[in-house]
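# Chain and residue survey
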Amino acid sequence: MTIRVVVADDQELVRSGFALILDVQPDIEVVAEVGDGIQAVDAVRRLAPDVALLDIRMPHLDGIEACRAISAASACRTVMLTTFDSDEYVYEALHAGASGFLLKDVRRDDLVHAVRVVAAGEALLAPSVARRLIAEYTSRPAAPASSARLDALTARERETLLLLGRGLSNAEIAAELTVSEHTVKTHVGHVLAKLGLRDRVQAVICAYETGLISAGAAS
């Protein structure tokens, strides 16, 4: 199956460069290149792509607001691109529904990999972004009232969410719980569905925000 992609960046050379890298892949087709957030939202509405690459800073409508609009109105998954390795952008983008966050100095192969991973329903963060995210949430006091959100989960599903929050892969979770990877995938699917989460990144956020993982516990 071909992965259909919209690339949105207000810098033409950057936009064209990303599009060229992706369009030469046998399983990826760039269906539109646009220069601002309004055009990105419109392109997603018209063309129904699988993935949208969105620059954070764009005129008329920034990447985060475009991501929020796209996430609310379509099944298209978004990867945010920026030159700024800033906490503020990471948290805003993830809460807006982004499934990936990459810096613009990303290597060619990593960009292609990110599009494939996100299109497959997973989530992906640049390593430096992931470190910032974990550090921020482990330093925040939990809001006890929010833990009621986890009441819908079984004991095993809570364990799965806890391990997701610690950054473990499916294989690592399977080893920890002494179950098969297939069983882990089932548990992860149930966790996402019951909590209304789009992907593993939002599951990590949920684990911290609900107090399931407290400060320092991720290590």
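Our subject in this report is the structure included herewith. (Residues numbered from 1 in each chain as written. Predicted model: local features only at pLDDT ≥ 70, side-chain atom pairs only at ≥ 80, totals over all residues. Heavy atoms only, no water.)

### Thoughts on the nonpolar core
In this structure, L54, M80 and F101 are the most contacted members of the largest nonpolar core, which totals 28 residues. Only β1 (3–8), β2 (28–34), α2 (37–47), β3 (51–55), α3 (63–73), α4 (87–95) and α10 (200–209) provide two or more residues apiece to this core. If one sorts the elements of this core by residue count, α4 sits on top with five residues. Excluding anything up to four places from it in sequence, L54 contacts A8, A40, G63, A66, C67, I70, T78, V79, M80 and L81. Grouped together as the second largest cluster of nonpolar side chains are 22 residues, I3, I21, L22 and A114 included. (Core = buried A, V, L, I, M, F, W, Y, C linked by side-chain atoms within 4.5 Å. Buried < 20%, exposed > 50% of the residue type's maximum accessible area, 1.4 Å probe, protein only. Helix = DSSP H or I, 4+ residues; strand = E, 2+ residues; numbered from the N terminus. Contact = heavy atoms within 4.5 Å.)

### So, the environment of R108
Assignment of secondary structure puts R108 in helix α5 (residues 108–119). In this structure R108 comes out as exposed when scored by relative accessible area, which is 52%. Remark: the alpha-carbon pair of R108 and G17, spanning 91 residues in sequence, is separated by 9.9 Å.

### Some details on unusual backbone geometry
Positive phi is not limited to glycine here, since H60 has a value of about 70°. Mapped onto the secondary structure, H60 falls in the loop between β3 and α3. Residues other than glycine seldom take positive phi values, yet T178 does so here, at roughly 55°. Judged by its relative accessible area of 71%, T178 falls in the exposed class.

### Considerations on the environment of D151
With respect to the helices and strands, the residue D151 is situated in the loop between α6 (127–139) and α7 (155–165). Classification of D151 as exposed rests on a relative accessible area of 58%. With 44 residues separating them along the chain, D151 and L195 place their C-alpha atoms 9.8 Å apart.

Shape is all these values report; function is a separate question.
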